[in-house]
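# Observations on the three-dimensional arrangement
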Amino acid sequence: MSYAFGGHSDVGYKRELNEDHIAVSALDDDTVLAIIADGAGSKASTLQPAQIAAGIVADAIQRSYAKNRKAVLSVPDIFLLEAMHAANRCLGAFKIANEELYAGFASSMSCVLLTKDTSGDYPRSAIAFAHIGNTRLYLIRVTQDGVPSIRQLTKDQTEAQKLVDDHLIDSVQYHVHPDRLVITGALGFVTEPQIQTFRGYIRADDYLLLTTDGIHYAIQPTPMMQIVLASTSCEDACRNLTRTSVAQEYNDNCSSILIHALPD
């Protein structure tokens, strides 16, 4: 395998229902698909929107990849985008079928397709992602001098993010602002959702961290990075993030996925 990966999802502090869902799998030795979703409008007696949406996206990408690997890797962001639109239509169909039961059905989601790339002058991986809502994707990198950094690649779709964009609050204020919980975009919200997409490259030994807000609203980015780098494995890192979130008594489900691009 070119990657190590792991994930963990937990009901969290003082919650009775886990509305999060994670899925991470190797499509082959050089390619990994990871999906993290945070549902809304769930009820214990019904299907979970995050699980439905993530399942649709995973199935669409896996089927397409099995049929035509070259096509998927040539435009991975387009395949992820179309898979998320399919998930959006499905959640919308639940509402149409039963408005009373599924009125609030929706899901934030970040999904990543990562594959080893040998076309450059140094070891690297091609990354593509699609994102909506307030789940997040971070890049963690340690330089040759041993200096670590963490950078958020996705952009939250919340009312508080609009305030940041308008320079009315800063990133520190955002972390505790009540409007960070007011979602402006999600699968199941509207017919044509605004989905962020990206294609680029990461280096060997980089980490990709996907989180739901039960993690990244409970723990600041630098402590998250420190937890990841101090852990013994990807799975251990995700469990340590959950433990830290629960210890902070942050009242939300907490889920994460960590992928490590292994050095050659």
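What comes next is a walk through the structure.

Parameters at a glance
- Residues numbered from 1 in each chain as written.
- Predicted model: local features only at pLDDT ≥ 70, side-chain atom pairs only at ≥ 80, totals over all residues.
- Heavy atoms only, no water.
- Helix = DSSP H or I, 4+ residues; strand = E, 2+ residues; numbered from the N terminus.
- Rg over C-alpha atoms; globule rule 2.2 N^0.38 Å.
- Contact = heavy atoms within 4.5 Å.
- Areas by Shrake-Rupley, 256 points an atom, 1.4 Å probe, with all protein chains shown as cover.
- Lys, Arg positive; Asp, Glu negative; His and termini not counted.
- Charge placed at Lys NZ, Arg CZ, Asp CG, Glu CD.
- Salt bridge = Lys/Arg side-chain N within 4 Å of Asp/Glu carboxyl O.
- Buried < 20%, exposed > 50% of the residue type's maximum accessible area, 1.4 Å probe, protein only.
- Polar contact = N/O pair within 3.5 Å; in protein donor to acceptor, adjacent residues only side chain to side chain.

## Focus: the overall build of the protein chain
Across its full length, the protein chain holds nine helices and ten strands. Its C-alpha atoms give the protein chain a radius of gyration of 18 Å, near enough to 18 Å, the size a compact globule of 264 residues would have. Taken along the three principal axes of its C-alpha coordinates, the protein chain extends 55 × 45 × 35 Å. Considering only intrachain contacts with a sequence separation of at least 6, the fraction spanning at least 24 residues in the protein chain is 72%. A total of about 12,200 Å² of accessible surface is found on the protein chain, and carbon and sulfur atoms cover 50% of it. A distance of 4 Å separates the average location of the 21 positive side-chain charges in the protein chain from that of its 31 negative side-chain charges.

## Observations concerning the pattern of salt bridges
Applying the stated criterion across every chain yields a total of ten salt bridges. With its nearest N and O atoms 3.0 Å apart, the salt bridge here joins Asp28 to Arg69. Here Asp28 is found in strand S2 (residues 20-28), whereas its partner Arg69 is found in helix H2 (residues 69-74), with 41 residues between them in sequence. Residue Asp28 is classed as partly exposed on the basis of its relative accessible area of 24%. The closest approach of N and O atoms between Asp59 and Arg63, which form a salt bridge, is 3.0 Å. One end of the pair, Asp59, and the other, Arg63, are both in helix H1 (residues 49-67), four residues apart, so they sit about a helical turn from each other.

## Quick word on the side chain of Asp20
With respect to the helices, strands and loops of the structure, Asp20 is situated in strand S2. For Asp20, which is buried and forms no salt bridge, the nearest opposite charge comes from Arg15, at a distance of 7.6 Å. A polar atom in the side chain of Asp20 sits 3.0 Å from the side chain of Thr212. Among the polar contacts made by the side chain of Asp20, one reaches the side chain of Ser255 at a distance of 2.9 Å. Leaving out residues up to four positions away in the same chain, Asp20 has contacts with Ser9, Ala37, Asp38, Ala50, Thr212, Asn253, Cys254 and Ser255.

In short, the description is geometric, and any link to function would need to be established separately.
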